[in-house]
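Each chain, letter by letter, is given below.
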Amino acid sequence: MKKRIAIIACAALAAICLVLGSIYLTRTTSTRVPGETKVKGVFIEGQSGGDAETLNWILAADATSFSYVGHTLDSLATYDNNFNIQLRCLAKDIEVSPDGLVYTVTIRDDLRWSDGSPVTAEDYVYTLKNLMFSNWLTYPYKSDWQEEVNGEKVFVTPEVVNETTFTITRQTVDPEFVYTLYDLTPYPKHIAQKYEGAAEAFMQAPEFNNLSYTGNLGPYRFKEWNRNDRFVVERNPDYYLGKDVGAPYFEQYIIKLFGTSATRQAALEAGDITYTGIEPELVAKFKSLPHIKVYTVPTSGYTILAYNQRANGWEGLKNKEVRQALSMAINKLAITQTILLGFAEPAFSFIPKVSPWYTEESVVKYGVSPLYDKQKAAEILYRLGYGIRQADNTIKVTKKDGSLLQLRLVVNVGSKPAEDMAFFIRKELLELGIETEIKLVPWPTLLRQYVMNTVPGSKQEPAYNKGPEAVSQEEWDFILMGFGTDPLAPSGSHVFFASHGGLNFMGYSNQEVDELFARAKSKEALDKGVRQKIYAELSHLLSEEQPVNFLAFHRANRGFLKNVMGIEPGVNMGYNYHLWYFE
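Keep in mind that what you see is a predicted model, and the values were worked out from it rather than measured. (Residues numbered from 1 in each chain as written. Predicted model: local features only at pLDDT ≥ 70, side-chain atom pairs only at ≥ 80, totals over all residues. Heavy atoms only, no water.)

(A) Representation of the sheet that holds strand β9 (residues 157–162) in the model. Read from one edge to the other, the open sheet built from four strands follows the order β5-β6-β10-β9, with strand pairing classed as antiparallel. The sheet terminates laterally at β5 (95–96) and β9, the two strands that pair on one side only. Along the sheet face, helix α2 (residues 121–132) touches β9 and β10 (165–169) and points at about 165° away from the line of β9. (Pairing = 2+ DSSP bridges. Helix = DSSP H or I, 4+ residues; strand = E, 2+ residues; numbered from the N terminus. Contact = heavy atoms within 4.5 Å. Axes fitted to C-alpha atoms, helices over the stretch in contact; angles between N-to-C directions.)

As structure tokens, then:
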């Protein structure tokens with residue numbers, strides 16, 4: 001399971017990103033002859049930062065959870081480094097009716113659950129209608145499957161055609177909906193229906209939490225998960241894509257968690273692990289090591305400083321001008337060049353340069369000259385009542401009563417660049433007179449106590465956006481974390497920035513932004529020129545509104561032991577990892 005859009009721990013920005021988006025259709029092929037490539041060895045990936053939240057994927061919003069499950073459960077399709085579609089569980093590409101309303105999905109006929117029963121179209125339709133669309137489960141990406149009809153949000157309509165074919169019917173056109181479909185994975189109906197309607201039982205279901213149902217749907221099978229230590233999968237000899245070439249070629253694939261980026265990088269240098277992300281300051285060193293190969297690749301991940309616009313954040317953050325002033329006081333060039341050592345570039349909105357929808361002409365560039373200006377930032381805040389003029393005529397930013405303004409910045413532990421960014425932001429704001437308390441917390445704690453929210457006094461289960469009245473368990477003002485954008489379907493980022501977006505934990509709301517995201521997913525956007533203009537308007541508006549401070553788009557450095565073969569470096573270099581092997 002590889003979600004296009006997910007909340008990313010800052011440390012995970014160096015992990016292999018599996019992003020979707022495509023315009024061409026191909027199949028993953030291998031020139032290796034069966035038996036020619038030997039199955040051997042254990043591939044160990046080193047990570048620091050946050051562990052997964054759950055293996056029960058319908059409940060997940062974090063990238064790590066999806067990456068874990070993805071080792072055992074393929075989606076309908078994925079993409080190579082050139083954004084060509086690579087079929088996975090699809091027998092052929094999705095067919096779209098001439099009017100753009102009916103999508104016909106045909107799955108392979110050799111997919112099996114662990115008990116040997118076939119994976120059918122009924123499993124996919126049941127997963128959609130009875131689980132993802134249900135009101136008894138909190139599925140963070142539910143809005144991806146809804147459309148607005150006569151002013152109301154309604155779900156699309158899935159229907160079974162035969163054993164291997166189902167359709168999805170819409171009432172309105174969405175030119176990027178096919179990318180949502182490519183990402184679909186199923187639950188087995190015959191197991192899931194035992195828990196239907198019982199949220200707690202479903203959340204605790206052993207089959208879904210130990211991935212014992214996944215059959216031949218992924219290159220690996222679940223073996224064990226020791227939380228905050230390691231996630232282990234073992235080779236699946238029945239993998240549907242491996243039967244002709246004997247793949248995958250590793251006996252086991254292990255994700256090993258380390259407390260810091262320094263310890264995981266030391267483990268790669270010692271040869272104790274096979275792969276990890278390399279932090280910018282160590283790239284030159286690792287490139288000089290004879291047993292290591294470092295690939296520098298573009299990504300669609302970016303770091304943001306989220307501004308809490310809910311009731312338990314500083315009240316000033318609800319004001320666009322305040323957010324603009326704060327963003328104006330933080331030097332993005334220092335972050336990208338000094339902290340990230342040039343392996344990043346300033347971000348000003350949510351669409352990365354690798355996307356064909358990227359535009360720079362319309363964005364407002366806070367954080368670089370001339371909109372990196374602490375004096376002007378202080379003057380704006382002073383005009384809004386947040387400051388005092390001192391004897392030397394300089395402005396000190398304060399609360400409206402003139403007392404010290406103290407704010408809280410939360411970041412997950414485990415990444416030196418993330419922590420360096422947090423302390424740099426603290427230093428920048430301190431020059432305005434703002435005292436910032438930095439809270440370094442584990443990733444699960446950050447999600448549960450600071451990101452998830454509920455309406456006070458209600459009996460709601462915490463989620464990432466429970467509406468405008470909801471607040472998190474712990475108070476916060478800033479959160480430093482990673483977001484990701486689907487390069488070919490940026491409209492998926494509505495989950496972050498639309499008022500009712502499932503991952504809009506900041507509490508941001510702007511009707512014009514909502515309308516533009518809706519237009520990007522409408523019939524008029526079938527015209528690519530129109531869609532380009534819509535994205536330009538969205539990029540401009542979000543860069544001006546600053547619901548978050550868009551800090552940096554990253555170039556990742558992936559360090560591998562040199563004996564790993566079959567790697568194709570690029571923006572989605574993990575797309576064919578089932579064909580990697582040890583020399």
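(B) Quick look at helix α7 (residues 261–269). Taken together, the buried positions of α7 are occupied by Ser-261, Arg-264, Gln-265, Ala-267 and Leu-268. The buried side chains of α7 occupy one side of the element, clustering within an arc of 155° when seen end-on. Just downstream of α7 lies Gly-271, where phi reads positive at about 80°. (Buried < 20%, exposed > 50% of the residue type's maximum accessible area, 1.4 Å probe, protein only. Arc of directions from axis to C-beta.)

(C) Just the nonpolar core, in detail. Counting 124 residues, the largest nonpolar core has Trp-145, Phe-202, Phe-350, Ile-479 and Phe-497 as its most contacted members. What Ile-479 contacts, discounting residues up to four positions off in sequence, is Ile-304, Leu-305, Ala-306, Val-410, Leu-446, Tyr-450, Val-451 and Phe-505. Counting 43 residues, the second largest nonpolar core, distinct from the first, contains Val-364, Ala-418, Ile-425 and Leu-429. (Core = buried A, V, L, I, M, F, W, Y, C linked by side-chain atoms within 4.5 Å.)

(D) Geometry of the packing of helix α15 (residues 511–520) against helix α16 (residues 528–545). At a closest axis distance of 9 Å, the pairing of α15 and α16 adopts a crossing angle of 155°. The pairing of α15 with α16 is recorded here as roughly antiparallel in orientation. Crossing of α15 over α16 shows left-handed handedness. Of the residues in α16, those in contact with Glu-512, Val-513, Leu-516, Phe-517, Arg-519 and Ala-520 of α15 are Arg-531, Ile-534, Tyr-535, Glu-537, Leu-538, Leu-541 and Leu-542. Tallied by class, the residues present in the contact of α15 with α16 amount to nine nonpolar, no polar and four charged. (Parallel < 35°, antiparallel > 145°, perpendicular 65-115°, else oblique. Left-handed = near helix turned anticlockwise from the far one by under 90°. Nonpolar A, V, L, I, M, F, W, Y, C, P; charged D, E, K, R; others polar.)

(E) Structural detail: the packing of aromatic side chains. A complete count under the given rule lists 49 aromatic pairs for this structure. Each ring, one from Tyr-79 and one from Tyr-182, has its centre 6.0 Å from the other, and the planes form 75°; the classification is edge-to-face. Placement of the pair is Tyr-79 in strand β3 (residues 77–79) and Tyr-182 in helix α3 (residues 177–182), with a sequence separation of 103 residues. Each ring, one from Tyr-302 and one from Phe-553, has its centre 5.0 Å from the other, and the planes form 50°; the classification is tilted. Pair noted here: Tyr-302 is in strand β15 (residues 292–307) and Phe-553 is in strand β24 (residues 548–561), with a separation of 251 residues, a long-range link. Of the residues examined, Tyr-302 reaches a relative accessible area of 0% and is grouped as buried. An aromatic cluster of three or more residues is present, and its members are Phe-43, Tyr-220, Phe-250, Tyr-253, Tyr-275, Tyr-295, Phe-560, Tyr-577, Trp-580 and Phe-582. (Phe/Tyr/Trp six-rings, centres within 6.5 Å; stacked < 30°, edge-to-face > 60°.)

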